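Listed below, chain by chain, are the residues.
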Amino acid sequence: MARVLVYAEVADGTVDPAALEVLTRTRELGDADAVALGPGATGAADVLRRYGAARVFASEDAVFSDCVAQPAVLALEGLVREHGFDVVAFTTGYDSRDIAGRLSGRLGATLMSNVVALPSLDVARAAVFGGSRFVDVKLEGAPRIVLVRPKSFEARECGGRAEVVTVAADAPGDLVTARRVERHEEAASGPKLEDAPVVVSGGRGLGEAANFELLEQLADALGDAAVGATRAVVDAGWVPYSKQIGQTGTTIKPTVYLAFGISGATQHVVGMKGAKRIVAVNRDEDAPIFGLADLGVVGDALEILPRLIEEVRARKG
Ligand code: FAD
């Protein structure tokens with residue numbers, strides 16, 4: 001059976017949920033081990049074993065969080081050389097992308113990014129042309145490295161008693177040159193964009209940054225809802241990047257997605273088309289977003305939003 005190593009990012013003791021999705025899929029295809037590096041890795045091992053990791057390679061060493069990529073690359077290279085993994089699977093997080101690229105260089109390994117499905121461990125389905133097309137790519141050599149987009153698979157627990165193997169943090173000083181000097185955490189309230197069952201999202205059609213307050217009010221009135229945005233408004237500085245949905249932002253699969261003043265560009269749609277129900281409000285009846293909306297309303301978002309907020313508040317009592 002092919003052997004897979006899944007790299008799981010750990011932040012503040014929490015495992016990246018996308019790593020659990022990748023672990024779930026790869027354990028169906030082969031023997032899947034996982035690796036977690038940095039403070040919180042041992043706790044992460046408990047979670048990774050519940051999602052079917054056969055072994056978890058872990059290190060609590062702070063060098064993995066204090067330095068950018070390099071110590072993790074060296075640790076992963078050591079694991080691949082020692083255990084002969086056929087596939088190393090990453091999620092599409094910032095650190096993962098950095099580590100995967102460097103690892104590919106050090107091992108001379110094939111790397112496929114933007115993967116959205118793994119029909120087998122030799123074939124990766126990847127999004128190309130801004131997510132407008134999908135191609136099945138045959139992966140050759142060993143190890144083969146894949147970077148999988150979040151929400152490509154469903155994470156399922158299966159129990160398990162993974163052995164935890166300590167990884168040495170063996171990074172020579174001259175190879176560890178990029179250090180994190182500061183870490184900023186954005187203050188956030190309500191559910192995370194990627195987890196929220198309802199996402200209320202806005203685009204350039206909202207006219208100006210101040211009108212995003214209407215989306216915040218609607219999300220608040222609905223409850224358990226998050227606010228998202230298009231890249232156009234993130235680039236305009238109306239909202240932070242963490243709200244961006246799409247090819248170069250977050251991928252979401254909420255139960256309901258409400259789009260206000262969003263045209264429906266391919267690069268946006270690729271991040272939200274997995275929503276179960278899509279409601280779109282746009283002034284232009286030919287806007288592409290209506291092509292995928294379950295309910296389309298041709299109208300002015302700035303007129304509709306205050307009335308909708310009022311209606312939701314009245315119904316929720
Ligand atoms: P527009 O396309 O300008 O649409 C505004 C819409 O609002 C129009 O349809 C208009 O009819 C409607 N409107 C105007 N006024 C009103 C009103 N009062 N009421 C109702 N409707 C109104 N975009 C992303 O979103 N996410 C990404 O991750 C992303 N990645 C990209 C990566 C690359 C490499 C590139 C090249 C582009 C990327 N983009 C991404 C940008 C993308 O191509 C679009 O430019 C962007 O999604 C458009 O945003 P928008 O819908 O807010 O603006």
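Residues numbered from 1 in each chain as written. Predicted model: local features only at pLDDT ≥ 70, side-chain atom pairs only at ≥ 80, totals over all residues. Heavy atoms only, no water.

*Asks:* Can you help me understand the site of the ligand in this one?
*Replies:* For the ligand, the set of nearby residues contains 24 residues, the closest of which are Arg-204, Thr-230, Thr-248, Ser-263 and Asn-282. Interatomic distance of 2.7 Å between a side-chain N/O atom of Thr-248 and a nitrogen atom of the ligand. Burial of the ligand by the protein chains amounts to 75% of its free accessible area of 990 Å². Going through the elements one at a time, helix 7 (231-235) and helix 8 (266-269) are the ones with two or more residues in the shell around the ligand. Among the residues making up the shell around the ligand, the classes are represented as five nonpolar, 14 polar and five charged. (Near = heavy atom within 4 Å. Polar contact = N/O pair within 3.5 Å; in protein donor to acceptor, adjacent residues only side chain to side chain. Areas by Shrake-Rupley, 256 points an atom, 1.4 Å probe, with all protein chains shown as cover. Helix = DSSP H or I, 4+ residues; strand = E, 2+ residues; numbered from the N terminus. Nonpolar A, V, L, I, M, F, W, Y, C, P; charged D, E, K, R; others polar.)

*Asks:* Even after reading the chapter, I still don't get the pattern of salt bridges, so can you show me in this structure?
*Replies:* Note that side chains of opposite charge can pair when their charged atoms are close. Using the criterion set out here, one finds 14 salt bridges in the structure. For the salt bridge of Glu-28 with Arg-25, the shortest nitrogen-to-oxygen distance reads 2.7 Å. One end of the pair, Glu-28, and the other, Arg-25, are both in helix 1 (residues 17-29), three residues apart, so they sit about a helical turn from each other. Judged by relative accessible area, which is 41%, Glu-28 ranks as partly exposed. Its salt-bridge partner being Arg-55, residue Asp-33 comes within 2.8 Å of it at the nearest N-O pair. Of this pair, Asp-33 sits in strand 4 (residues 31-37) while Arg-55 sits in strand 5 (residues 55-59); the two residues are 22 residues apart in sequence, bridging distant segments of the chain. The exposure class of Asp-33 is buried, given its relative accessible area of 5%. (Salt bridge = Lys/Arg side-chain N within 4 Å of Asp/Glu carboxyl O. Buried < 20%, exposed > 50% of the residue type's maximum accessible area, 1.4 Å probe, protein only.)

*Asks:* Would you take a moment to explain the packing of helix 6 (residues 212-222) against helix 9 (residues 301-316) for this structure?
*Replies:* A pair of packed helices is captured by two measures, namely the crossing angle of their axes and the spacing between those axes. The N-to-C vectors of helix 6 and helix 9 enclose an angle of 20°; their axes lie 9 Å apart at closest approach. One finds that helix 6 runs roughly parallel with respect to helix 9. The two elements helix 6 and helix 9 meet at a crossing, and its hand is left-handed. Across the interface between the two elements, Leu-214, Leu-215, Gln-217, Leu-218, Ala-221 and Leu-222 of helix 6 pack against Leu-302, Leu-305, Pro-306, Leu-308, Ile-309, Val-312, Arg-313 and Lys-316 of helix 9. For the contact of helix 6 with helix 9, the per-class residue count stands at eleven nonpolar, one polar and two charged. (Axes fitted to C-alpha atoms, helices over the stretch in contact; angles between N-to-C directions. Parallel < 35°, antiparallel > 145°, perpendicular 65-115°, else oblique. Left-handed = near helix turned anticlockwise from the far one by under 90°. Contact = heavy atoms within 4.5 Å.)

*Asks:* Is there a simple way to think about the environment of Ser-242 in this case?
*Replies:* Considering the arrangement of structural elements, one finds Ser-242 in the loop between helix 7 and strand 14 (256-260). By relative accessible area, which is 34% here, Ser-242 ends up partly exposed. For the pair Ser-242 and Lys-192, spaced 50 residues apart in sequence, the C-alpha to C-alpha distance is 9.7 Å. Sequence-distant contacts of Ser-242, that is, excluding residues within four places in its chain, are made with Glu-186, Leu-193 and Thr-250.

*Asks:* Got a minute to help me understand the sheet that holds strand 12 (residues 198-202) in this structure?
*Replies:* Paired through their backbone hydrogen bonds, the strands of a sheet run either parallel or antiparallel. The sheet built from five strands is open, its strands ordered 13-12-14-15-16 with parallel pairing. Because the sheet does not close on itself, it has two edges, and the strands there are strand 13 (225-229) and strand 16 (295-298). Across the sheet, the mean angle from the axis of one strand to that of its neighbour is 15°, orientation sign disregarded. Sheet topology note: the strand 12/strand 13 ladder contains five bridges and is parallel. Bridge pairing in strand 13 places Val-198 opposite Ala-225. The strands that helix 6 touches are strand 12, strand 13 and strand 14; relative to strand 13, the one it contacts most, it runs at about 155°. (Pairing = 2+ DSSP bridges.)

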